[in-house]
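The residues making up each chain are set out below.
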Amino acid sequence: MGSPPFKAELAERAERAGHAPRHLLAPFFKESAKEVLVALAGNPNLLESDLLRLLERRGLPRGAIQQIPAHPTGARSYSLKLALARHPKTPRLTSLPLLKFLYLFDLVRVFQTPGVPTDVKMAAEEGILKKVEAIPRGEKITLARRASGRIAAQLLTCEDKELIRAALENPYLSEADLLRVLARENLPRVVVETIAVDIKWSYRYGLRQALIRNPLTPLGRVLEFLPDIAVNDLRELCLDRRMPEQVRRYVLAHCAERLQKPPRPQP
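Residues numbered from 1 in each chain as written. Predicted model: local features only at pLDDT ≥ 70, side-chain atom pairs only at ≥ 80, totals over all residues. Heavy atoms only, no water.

### Thoughts on the overall build of the protein
Line of reasoning, step 1. Along the backbone of the protein there are 17 helices and 0 strands.
Line of reasoning, step 2. By the compact-globule yardstick of 18 Å for 267 residues, the protein is too spread out, its C-alpha radius of gyration being 28 Å.
Line of reasoning, step 3. Taken over 267 residues, the protein has a buried fraction of 46%.
Line of reasoning, step 4. Sequence separation of 24 or more characterises 54% of the internal contacts of the protein that already satisfy a separation of 6 or more.
Line of reasoning, step 5. Roughly 15,000 Å² of accessible area belongs to the protein as shown, and the carbon and sulfur atoms make up 54% of that amount.
Line of reasoning, step 6. Of the side chains in the protein, 43 bear a positive and 30 a negative charge, and the two mean positions are spaced by 2 Å. (Helix = DSSP H or I, 4+ residues; strand = E, 2+ residues; numbered from the N terminus. Rg over C-alpha atoms; globule rule 2.2 N^0.38 Å. Buried < 20%, exposed > 50% of the residue type's maximum accessible area, 1.4 Å probe, protein only. Contact = heavy atoms within 4.5 Å. Areas by Shrake-Rupley, 256 points an atom, 1.4 Å probe, with all protein chains shown as cover. Lys, Arg positive; Asp, Glu negative; His and termini not counted. Charge placed at Lys NZ, Arg CZ, Asp CG, Glu CD.)

### Side note on helix α2 (residues 34-41)
Line of reasoning, step 1. Most of α2 sits inside the fold, with 6 of its 8 residues counted as buried.
Line of reasoning, step 2. Those residues of α2 not exposed but buried are Val36, Leu37, Val38, Ala39, Leu40 and Ala41.

### Section: the packing of aromatic side chains
Line of reasoning, step 1. Per the counting criterion, the structure on display carries 1 aromatic pair.
Line of reasoning, step 2. Over the face of the ring belonging to Phe101 we find Lys81, whose NZ or CZ atom lies 5.5 Å from the ring centre. (Phe/Tyr/Trp six-rings, centres within 6.5 Å; stacked < 30°, edge-to-face > 60°. Lys NZ or Arg CZ within 6 Å of the ring centre and 35° of its normal.)

### Focus on the packing of helix α7 (residues 104-112) against helix α8 (residues 118-132)
Line of reasoning, step 1. At a closest axis distance of 9 Å, the pairing of α7 and α8 adopts a crossing angle of 155°. With respect to each other, α7 and α8 are oriented roughly antiparallel. The handedness of the crossing between α7 and α8 comes out as left-handed. Across the interface between the two elements, Leu104, Leu107, Val108, Val110 and Phe111 from α7 touch Val120, Lys121, Ala124, Glu125, Gly127, Ile128 and Lys131 from α8.
Line of reasoning, step 2. The residue inventory of the contact of α7 with α8, partitioned by class, reads 8 nonpolar, 1 polar and 3 charged. (Axes fitted to C-alpha atoms, helices over the stretch in contact; angles between N-to-C directions. Parallel < 35°, antiparallel > 145°, perpendicular 65-115°, else oblique. Left-handed = near helix turned anticlockwise from the far one by under 90°. Nonpolar A, V, L, I, M, F, W, Y, C, P; charged D, E, K, R; others polar.)

### A short note on the nonpolar core
Line of reasoning, step 1. Residues Val110, Leu143, Leu156, Ile212 and Val251 are the most contacted members of the largest nonpolar core, which totals 58 residues.
Line of reasoning, step 2. Apart from residues no more than four positions distant in its own chain, Leu156 is found in contact with Ile164, Ala167, Leu168, Leu173, Leu178, Val181 and Val191.
Line of reasoning, step 3. With 25 residues, the next largest nonpolar core counts Ala20, Val38, Ala39 and Leu84 among its residues. (Core = buried A, V, L, I, M, F, W, Y, C linked by side-chain atoms within 4.5 Å.)

### Here we look at the packing of α7 against helix α9 (residues 137-146)
Line of reasoning, step 1. Packing of α7 against α9 leaves a shortest axis separation of 11 Å and a crossing angle of 0°. Looking at the two axes, α7 sits roughly parallel to α9. Touching Leu104, Phe105, Val108 and Gln112 of α7 are Glu139, Thr142, Leu143 and Arg146, all from α9.
Line of reasoning, step 2. Of the residues that constitute the contact of α7 with α9, the class distribution is 4 nonpolar, 2 polar and 2 charged.

### What about unusual backbone geometry?
Excluding glycine, a negative phi dihedral is what most residues carry, and trans is how most peptide bonds are arranged.
Line of reasoning, step 1. Positive phi outside glycine occurs at Asn186, with the angle close to 60°.
Line of reasoning, step 2. Position of Asn186 relative to the elements: it lies in the loop between α12 (175-182) and α13 (189-197).

### Side note on the pattern of salt bridges
Line of reasoning, step 1. A full pass over the atoms with the stated rule returns 17 salt bridges.
Line of reasoning, step 2. Measuring nitrogen to oxygen at the nearest pair gives 2.7 Å for the salt bridge that ties Glu126 to Arg150. Of this pair, Glu126 sits in helix α8 while Arg150 is found in helix α10 (residues 149-155), placing the two residues 24 residues apart along the sequence.
Line of reasoning, step 3. Measuring nitrogen to oxygen at the nearest pair gives 2.8 Å for the salt bridge that ties Arg137 to Glu162. Of this pair, Arg137 sits in helix α9 while Glu162 sits in helix α11 (residues 161-168), placing them 25 residues apart in sequence. (Salt bridge = Lys/Arg side-chain N within 4 Å of Asp/Glu carboxyl O.)

### A look at the environment of Val108
Line of reasoning, step 1. Relative to the elements of secondary structure, Val108 occurs in helix α7.
Line of reasoning, step 2. Note: C-alpha distance between Val108 and Leu143 (35 residues apart in sequence) is 8.4 Å.
Line of reasoning, step 3. Residue contacts for Val108: discarding those within four places in its chain leaves Ile128, Leu143, Arg146 and Ala147.

Have a look at this one:
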């Protein structure tokens with residue numbers, strides 16, 4: 001516990017940090033005491049650049065962060081709203097309402113910022129999904145490449161080949177995302193055909209199974225996949241009622257042929 005003189009001196013510094021004119025505030029930005037930083041964040045003489053500078057500090061106390069939305073400058077500044085939404089220490093009750101003010105690609109930045117709480121990221125993702133249908137095609141293509149896997153998967157369920165390819169290039173897109181896409185009803189044929197020939201995705205074992213059972217996959221591509229799928233897995237795929245009868249016959253004939261072949265001799 002600090003001595004009375006120390007406490008008094010700290011209280012005096014905090015008082016000055018909270019009320020001093022801007023040209024005298026430079027030393028307070030170097031402070032580490034929580035009380036001083038909280039007071040500084042509430043100083044009405046701070047400009048937008050000053051508040052952004054504070055938010056760049058590692059270890060900025062939560063109390064200081066909470067001062068900024070109520071600051072006369074903070075309430076008006078778009079840049080501060082974005083910085084607060086992206087700051088890992090911003091309380092959820094503060095950051096969540098700010099998301100509705102952010103532009104589409106800034107919501108993407110919030111989602112991709114390390115340390116942002118999961119529920120805030122999910123809210124940002126929901127905000128993107130609500131806006132996505134109304135944006136121009138070029139922005140959709142950019143978004144398909146940069147946004148989350150869930151959003152990329154949503155964007156590729158269309159007839160636009162360029163948009164589909166952009167979504168398939170998304171680094172956050174996962175096999176699980178694509179399995180959910182391939183399980184959808186009324187999926188455009190071009191989506192399945194594009195996934196079936198994609199160099200990266202068509203070699204995934206799970207996706208090959210999903211493509212074999214999907215009635216929109218070209219037969220020639222199905223036949224190319226069959227040798228790489230275990231017989232037991234192929235038999236299970238044949239139980240799927242969506243599989244066209246012609247494909248089912250090819251799959252069962254392929255299984256019978258493989259079972260009749262003698263096992264390869266061990267080296």
